[in-house]
Amino acid sequence: MKKGFDNEKYLRIQSEHIKERISKFGNKLYLEFGGKLFDDFHASRVLPGFEPDSKLRMLMQLSDYAEIVIVISAVDIEKNKVRGDLGITYDMDVLRLRDEFQKRGLMVGSVVITHYQGQTAADIFRSKLEKLNIKTYIHYTIPGYPSNVNLICSDEGYGKNDYIETSRPLVVITAPGPGSGKMATCLSQLYQENKRGIKAGYAKFETFPIWNLPLKHPVNIAYEAATADLNDVNMIDPWHLEAYGVTTVNYNRDIEIYPVLDAIFKGIYGENPYKSPTDMGVNMAGNCIFDDDACREASNQEIIRRYYTALNQLVDGKGTEEEVQKIELLMQQAGITTKDRAVTVAALERGQKSGVPTAAIELNDGKIITSETSDLLGTSAALILNATKYLAGIEKDVKLIPASMIEPIQNMKVNYLQGNNPRLHTDEVLVALAMLSKSDENCKKALEQLPKFKGCQVHTTVMLSEVDRKIFKKLGVEVTCEPIKKKTTSF
């Protein structure tokens, strides 16, 4: 993928900008950290050149200034809410995040349990944290939040919450996922600090939407596609436009909550240091794009991938028609269709000719390789073999895995494991390839090509099995599938 984002510049100017914001608030700043600190693959896909761990690396540059507070909602603990990308519950992710931060030399000061109403699961989790010698604080649900400003900014509102003891100028508030109560935790601390005579400040670090890109820039549209299930909408910030006469972009939730935040700031300090939601942000990503066309193209591809994901989830019963329709509208705004994804076109063309499930991969040199289902191999397994042969310079007609080796595996799957589909999965093909690589030079060469799959694009004409999806994910491949299921478990 052609790069369009200067990651080193981002690390440099982002950390300096946060330091400047700290100095504006008497050397105490609560920074609400949105999005993913680890593995921000969405940002790396739409801003080619952005490294998935960039935000973490930026934070590490501030390690002498910063401490981290991890926030988790008692409601999410009680519901055993799971992070979809990791498959672990939010409470387990709190412990994971703490360990990961500490491994990188970052100070984790405490954990805050928000939205507390006496939930038993939250009490159990708090006891667990305390046994691990982790400082834990409780923040309560406030009736009428966020509109009842008089109650919120009182001793029965924010004043009822535990005061979080901090020792560093920068307090980073992060959480396992959205809706955890990060902003409320920051504002509660401002109230508590003000009562103690400390004039602390608040800022928000959210990568998307990028405030100084146009409203309908593909990077910002891709953010809407990524949050279609949350119904987030990018909007021109009316408060910023009125205050400065400058057009900037924010999203609906921050714009809608701003009048409440304005009242809360005035309730705490008597004045609001920010004239708009955009003012609260510290994101400098927009200043680090050096090739706008590259970022536009990368973002358009992300929108298409999100569309296919929504279609597949709808077929699986995990998505909604509304999500699909919203992304369809976003694609219209961006002026793109699924035909703008090269591997989609290639896979469908081969499928129309063969009449069986097919797949296509676009390699990093732009070469597109296709495959189809056979009696021996599923289309994904065949695609991996075809692509590795091309990358290794092996002739197309060379059989890397002989039929004599595949047939016993098929026999085992059907006759001993009661499988319905005898064709080999991607993992089974890779194991066979690894075993043969000890004695076959071609297999060895083919296996050595696997790291070159990272960042490649794949499309299949049928939905993949979970096994094949996981293998492609481990290889770093971006996969889309037509929303078509087959009776057998894998193709």
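The shown structure was predicted, so the numbers you read here are calculated from the model rather than taken from an experiment.

Caption draft 1: Spatial organisation of the sheet that holds strand β5 (residues 107–116). With parallel pairing, 6 strands are arranged side by side in an open sheet as β6-β5-β2-β7-β1-β8. One side of each edge strand has no neighbouring strand; the edge strands of this open sheet are β6 (136–140) and β8 (201–205). Each neighbouring strand pair of the sheet contributes to a mean axis angle of 25°, computed without reference to strand direction. The sheet contact formed by strand β2 (residues 66–73) and strand β7 (residues 170–174) spans 5 bridges and is parallel. Within β7, the position partnered with Glu 67 by the bridge is Val 171. Along the sheet, helix α6 (residues 120–131) makes contact with β2, β5 and β6, crossing β5 at roughly 165°. Running at roughly 170° to strand β1 (residues 29–33), helix α8 (residues 182–195) makes contact with β1, β2, β5, β6, β7 and β8 of the sheet.

Caption draft 2: Here's a closer look at the sheet that holds strand β12 (residues 368–372). In space, the 4 strands of this open sheet follow the order β12-β11-β13-β14, with mixed pairing throughout. In this open sheet, the two strands that pair with only one neighbour each are β12 and β14 (478–481). Pairs of neighbouring strands in the sheet enclose a mean axial angle of 15°, with direction left out of account. The sheet contact formed by strand β11 (residues 358–362) and strand β13 (residues 457–460) spans 4 bridges and is antiparallel. Its bridge partner lying in β13, Ala 360 is registered against His 459. Strands in contact with helix α15 (residues 342–354) are β11, β12, β13 and β14; relative to β11, the strand with the most contacts, it is inclined by about 150°. With respect to the sheet, helix α16 (residues 379–392) is in contact with β11, β12 and β13, its orientation differing from that of β12 by roughly 145°.

Caption draft 3: The arrangement of unusual backbone geometry in detail. Here the bond from Tyr 145 into Pro 146 is cis, since omega is 10°, no more than 30 degrees from zero. Position of Pro 146 relative to the elements: it lies in the loop between β6 and α7 (149–152). Residue Phe 208 is joined to Pro 209 through a cis peptide bond whose omega torsion reads -10°. Among the secondary structure elements, Pro 209 is positioned in the loop between β8 and α9 (218–226). Of note in the backbone geometry, Asn 27 takes a positive phi value of approximately 70° without being a glycine. Mapped onto the elements of the fold, Asn 27 is located in the loop between α1 (7–23) and β1.

Basis of the calculations
Numbering of residues begins from 1 in every chain and follows the order in which that chain's sequence is written. Where totals are concerned, whole chains, interfaces and linings use all residues; where local detail is concerned, this predicted model gives features only for residues with pLDDT of at least 70, and gives and counts side-chain atom pairs only at 80 or more. Calculated side-chain values reflect all of the structure's heavy atoms, with hydrogen atoms and water omitted. One bridge is not enough; two strands pair if DSSP finds at least two bridges between them. Think of it this way: any DSSP run of H or I at least four residues long counts as a helix, any run of E at least two long counts as a strand, and we number them from the N terminus. For every element, the axis is a line fit to its C-alpha atoms; helices are fit only across the contacting stretch, and the angle between N-to-C directions ranges from 0 to 180 degrees. Whether two residues touch is decided by their heavy atoms; if any such pair falls within 4.5 Å, the residues are in contact.

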